[in-house]
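# Architecture and fold: a report
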Amino acid sequence: AQSVTQLDSQVPVFEEAPVELRCNYSSSVSVYLFWYVQYPNQGLQLLLKYLSGSTLVKGINGFEAEFNKSQTSFHLRKPSVHISDTAEYFCAVNLQGAQKLVFGQGTRLTINP
Amino acid sequence: NAGVMQNPRHLVRRRGQEARLRCSPMKGHSHVYWYRQLPEEGLKFMVYLQKENIIDESGMPKERFSAEFPKEGPSILRIQQVVRGDSAAYFCASSATGISYGYTFGSGTRLTVV
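Residues numbered from 1 in each chain as written. Chains lettered and ligands numbered in written order. Predicted model: local features only at pLDDT ≥ 70, side-chain atom pairs only at ≥ 80, totals over all residues. Heavy atoms only, no water.

Let us now look at the sheet that holds strand β7 (residues 65–68) of chain B. Residues and elements named next belong to chain B. Read across the open sheet, the four strands follow the order β1-β3-β8-β7; overall the sheet is antiparallel. The outermost strands of the open sheet, each flanked by one partner alone, are β1 (5–7) and β7. Between one strand axis and the next, the sheet turns through 15 degrees on average, direction left out of account. Across five bridges, the pairing between strand β3 (residues 19–24) and strand β8 (residues 75–79) is antiparallel. Following the sheet pairing, A19 is matched in β8 by I79. (Pairing = 2+ DSSP bridges. Helix = DSSP H or I, 4+ residues; strand = E, 2+ residues; numbered from the N terminus. Axes fitted to C-alpha atoms, helices over the stretch in contact; angles between N-to-C directions.)

Listed below in structure tokens is the structure:
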């Protein structure tokens, strides 16, 4: 069975600072990987996904993530955050060919002015 | 092109009542998924449906919960005899052909059981 671990439940950073949100997964087979963002009282919005190919994936709002197969990680990064990036971020995996996502516990990103 | 529409946005039920949550997928999407988000937790898969068929209900509690996606109309998640522990946000997602294209999530229904 797949599992996802988001190592930090909360990450506070200052505006315009870089940020990295960590995600590790466990699976014995190939997976697809996703990052979603949830703004307060809203649904989830897809930030980016890794299906195959280049291990560096670029998403919306200036975010990117790198797939590292040997370390089973898919960390999310942004070089300079903005107040509007304050949200909950979820990493998710999907067994290739399966229909359901397995989510991590989420990381709350707080941007301080 | 409307997104995934869920209603109501907020639902309050007394213990023992029934809760009905509705989800209209995006136009052209025939796959519907329901997830539950308990407070301070990530989303947990509940059920996957296609029109008139339940494909995977491995995440559904054994009792009181049911889901349907009729030929006409929205998908319905029904919770009978609600208890306090059912209080959560319930999200619906839809896709056109399968997970590799990524889900589109609705804004959720926040159920509060009092």
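The next point concerns the environment of P25 of chain B. All names here are of chain B. Summarising the element assignment, P25 is placed in the loop between β3 and β4 (31–37). In this structure, the C-alpha to C-alpha distance between P25 and A93, residues 68 residues apart in sequence, is 7.2 Å. If sequence neighbours within four positions are ignored, P25 has contacts with V32, F69 and S94. (Contact = heavy atoms within 4.5 Å.)

Let's shift gears to the side chain of T107 of chain A. Residue and element names in this part refer to chain A. Residue placement: T107 occurs in strand β12 (residues 107–112). Among the polar contacts made by the side chain of T107, one reaches the side chain of Q6 at a distance of 3.2 Å. Ignoring anything within four residues of it in the chain, the contact list for T107 reads Q6, D8, S9, V11, L21, A87, E88 and Y89. (Polar contact = N/O pair within 3.5 Å; in protein donor to acceptor, adjacent residues only side chain to side chain.)

Our next topic: the interface of chain A and chain B. Contact with chain A, which involves 20 residues of that partner, is made by 25 residues of chain B. Counting every contact that joins chain A to chain B gives one salt bridge. When residues of the side of chain A that touches chain B are traced back to their parent elements, those giving at least two are β5 (31–38), β6 (44–50) and β10 (87–95) of chain A. It is β5 of chain A that provides the largest number of residues to the side of chain A that touches chain B, a total of four residues. Of the residues assigned to the side of chain A that touches chain B, the class counts are nine nonpolar, eight polar and three charged. (Salt bridge = Lys/Arg side-chain N within 4 Å of Asp/Glu carboxyl O. Nonpolar A, V, L, I, M, F, W, Y, C, P; charged D, E, K, R; others polar.)

Residue and element names in this part refer to chain B. For the coordinates displayed, the defined rule picks out 15 aromatic pairs over all chains. Centroid distance Y33 to Y103: 4.2 Å. Interplanar angle 35 degrees. Geometry classified as tilted. Taken together, the residues span a long stretch of sequence, with Y33 in strand β4 and Y103 in the loop between β9 (88–95) and β10 (104–105) at a distance of 70 residues. Classification of Y33 as buried rests on a relative accessible area of 0%. (Phe/Tyr/Trp six-rings, centres within 6.5 Å; stacked < 30°, edge-to-face > 60°. Buried < 20%, exposed > 50% of the residue type's maximum accessible area, 1.4 Å probe, protein only.)

For the rest of this paragraph, the subject is the pattern of salt bridges. The tally for this structure, following the rule as stated, stands at eleven salt bridges over all chains. With its nearest N and O atoms 3.7 Å apart, the salt bridge here joins K100 of chain A to D56 of chain B. Residue K100 of chain A is found in the loop between β10 and β11 (102–103), and its partner D56 of chain B is found in strand β6 (residues 53–56); the two belong to separate chains. Taking relative accessible area as the criterion, D56 of chain B reaches 22% and is therefore assigned partly exposed. Among the ionic contacts, a cluster of salt bridges with common partners joins E20, E66 and R77 of chain A.

Below, the discussion takes up the pairing of β9 of chain B. Residues and elements named next belong to chain B. Within β9, eight of the eight residues are buried, which leaves the element mostly enclosed by the surrounding structure. Of the two faces of β9, the one lined by A88, Y90, C92 and S94 and the one lined by A89, F91, A93 and S95 are each fully buried. Where β9 meets strand β11 (residues 109–113), three bridges bridge the pair, whose relative direction is antiparallel. Across the sheet, Y90 pairs through a bridge with T109, a residue of β11.

Residue and element names in this part refer to chain B. The buried count for β8 comes to five of five residues, which makes it a mostly enclosed element. Here β8 shows no split at all, with S75, L77 and I79 on one side and I76 and R78 on the other all buried. Alignment of β7 against β8, held across four bridges, turns out to be antiparallel. Directly across from S66, in β8, lies its bridge partner R78. Counting the residues that bridge the hairpin from β7 to β8 gives six residues, and of these G73 lies at a positive phi of roughly 100 degrees.

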